[in-house]
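Here is how the chains run, residue by residue.
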Amino acid sequence: MKSYLIAGNWKSNKTTNEAMEWLQKLSAISLGTRDSGQELSAKNNTFVLCAPYTLLFFMKQEIDRLQLPIALGTQDVSPFGDGAYTGAVSARQVKEFADWVIIGHSERRKYFGETDEVLAQKVAQAKTAGLNIIYCVSDENTVIPDGVDAVAYEPVWAIGTGKAETPEHANAVIAAIKAKTQIAMVIYGGSVTPDNVASFLAQSAIDGVLPGGASLDAEKFAALLQAVEL
Ligand code: 13P
């Protein structure tokens, strides 16, 4: 049986109060707990929520208190270690709260000018700190640094547009990435919703999804997690 990775990316959204509301809604939906022997979390699936840095401390406390079967991640990390790098958050600081990090998202490349070089530095920092890395690529030709744990194929035109890639084509690109890199975990992102998620998860090469917009709504995010059961 396949193990899936479902990782939500909140991007620059939510205050503490809004995150609290989301967590309470999610905890009211039966997903199982980390201690449950029966339910979703026990089936070797990995559920991650990549939150803004400002919410990490609070989210970690609440996820523990509510016993939610989700791990925390961030959406970026500094290419440097601790030290005099004003405004940056180091991988060691992230690791205090989170176990996952997204690196190389197309929005980081586009709006923050991140290059393959800087992204390789981020991967090296995250690796040293012991973070699990989801590395985003826009096609099978994007350079992928050594040491990433999972790759997310996110065609730029499908992000936030409501126009998802076809599952068959996403599967073909993901199969090509796997053949090229030997990376075992490759997921799809770009307008994933509760309505189309099953069609992606049913593909042979696709190991999960990276929803943005749909992860902001607790009920939709829960439906995406529950889809691994379909
Ligand atoms: P949407 O699901 O909103 O299209 O965003 C996808 C994404 O960029 C996840 O990283």
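Scroll up a little and you will see the structure.
The notes below deal with the structure included here. (Residues numbered from 1 in each chain as written. Predicted model: local features only at pLDDT ≥ 70, side-chain atom pairs only at ≥ 80, totals over all residues. Heavy atoms only, no water.)

1. Let's talk about helix 1 (residues 16-27)
A turn of α-helix holds 3.6 residues, and therefore any two residues three or four places apart point the same way. Selection criterion: Working definition: helices are DSSP H or I runs of at least four residues, strands are E runs of at least two. Numbering for both runs from the N terminus. Helix span, expected: 1.5 Å multiplied by one less than the number of residues in the helix. Type-normalised accessible area, obtained with a 1.4 Å probe on protein chains alone, sets the label of each residue: buried when under 20%, exposed when over 50%, and partly exposed for intermediate values. Each C-beta atom gives one direction from the helix axis, and the arc is the one those directions make.
Here helix 1 is twelve residues long and its end C-alpha atoms lie 16 Å apart, about the 16 Å a rise of 1.5 Å per residue gives. Of all the residues in helix 1, the buried ones are Ala19, Met20, Trp22, Leu23 and Leu26. Seen end-on, helix 1 carries its buried residues on one side only, within an arc spanning 165 degrees.

2. Some points on the pairing of strand 5 (residues 132-137)
Which entries qualify depends on this criterion: Should DSSP find at least two bridges between two strands, the strands are regarded as paired.
Counting buried residues along strand 5, five of its six residues qualify, which places the element largely inside the surrounding structure. Bridging between strand 4 (residues 100-103) and strand 5 involves four bridges; their strand directions are parallel. When the sheet's bridge partners are listed, valine 101 is paired in strand 5 with isoleucine 133. Two strands pair when backbone bridges link them, and strand 5 and strand 6 (residues 150-153) are joined in this way by four bridges, in the parallel orientation. Paired with valine 137 across the strands is tyrosine 153, a residue of strand 6.

3. A word on the nonpolar core
This is how it is decided: In plain words, nonpolar cores are sets of buried Ala, Val, Leu, Ile, Met, Phe, Trp, Tyr and Cys residues tied together by side-chain atoms within 4.5 Å.
If you look at the biggest cluster of nonpolar residues, it comprises 60 residues, and the most contacted ones within it are Trp22, Leu26, Met59, Ile70, Ile103, Tyr135 and Tyr188. Ile134, Ala150, Ala152 and Ile187 belong to the second-largest nonpolar core, a separate cluster that totals twelve residues.

4. Section: the site of the ligand
In plain terms, the rule: A cutoff of 4 Å decides nearness: a residue is near a molecule or strand if any of its heavy atoms lies inside that distance of it. For the purposes of these results, a polar contact is taken to be a pair of N or O atoms within 3.5 Å, where, inside protein, one atom must be able to donate a hydrogen and its partner to accept one; residues adjacent in sequence count only when each atom of the pair is a side-chain atom. The protein chains shown are the only cover counted for residues, whose accessible areas, like all others here, come from Shrake-Rupley with a 1.4 Å probe.
Neighbouring the ligand are 13 residues; His105, Gly160, Ser191, Gly212 and Gly213 lie closest to it. With respect to the ligand, the backbone of serine 191 contributes an N or O atom lying 2.8 Å from an oxygen atom. One of the backbone N or O atoms of glycine 213 is found 2.8 Å from an oxygen atom in the ligand. Notes on the ligand: free accessible area 310 Å², of which the protein chains cover 94%.

5. A short note on helix 2 (residues 56-65)
Where we set the bar: Here, residues are in contact when the closest pair of their heavy atoms is within 4.5 Å.
Every buried residue belonging to helix 2 is among Leu56, Phe58, Met59, Glu62 and Ile63, and all of these are buried. Along the axis of helix 2, the buried positions cluster into a sector of 160 degrees, meaning they face one direction only. Summarising the geometry of helix 2, the exposed residues directed more than 90 degrees from the buried face are Phe57 and Arg65. Where the residues of helix 2 are buried, they touch helix 1, strand 2 (46-50) and strand 3 (71-74). Glutamine 67 sits one or two residues past helix 2 and shows a positive phi near 55 degrees.

6. Details of the pattern of salt bridges
Here is the rule we go by: Here, a salt bridge means any Lys or Arg side-chain nitrogen found within 4 Å of an Asp or Glu carboxyl oxygen.
One pass over the full model with this rule turns up twelve salt bridges. One salt bridge connects lysine 122 with glutamate 114, and the closest N-O pair in it is separated by 2.7 Å. If you follow the salt bridges from partner to partner, you end up with Asp76, Arg108, Glu114 and Lys122 in one network.

7. Considering the packing of helix 1 against helix 8 (residues 218-226)
Going by this rule: The convention used is that axes are lines fitted to C-alpha atoms, helices contributing only their stretch in contact, and that angles between N-to-C directions extend from 0 to 180 degrees. Under this scheme an angle from 65 to 115 degrees is roughly perpendicular, one under 35 degrees roughly parallel, and one over 145 degrees roughly antiparallel; angles in between are oblique. Two helices that cross are described as forming a left-handed crossing if the nearer one is turned anticlockwise from the farther one by less than a right angle, and a right-handed crossing if clockwise. Residue classes follow a fixed rule: Ala, Val, Leu, Ile, Met, Phe, Trp, Tyr, Cys and Pro count as nonpolar, while Asp, Glu, Lys and Arg count as charged, and any other residue, Gly among them, counts as polar.
Between helix 1 and helix 8, the least distance of the axes is 9 Å, while the angle of their chain directions is 45 degrees. Considered as vectors, helix 1 and helix 8 are oriented oblique to each other. Crossing geometry of helix 1 relative to helix 8 is assigned as right-handed. Contacts from Trp22, Lys25 and Leu26 in helix 1 reach Ala218, Glu219, Phe221 and Ala222 in helix 8. For the contact of helix 1 with helix 8, a count of residues per class yields five nonpolar, no polar and two charged.

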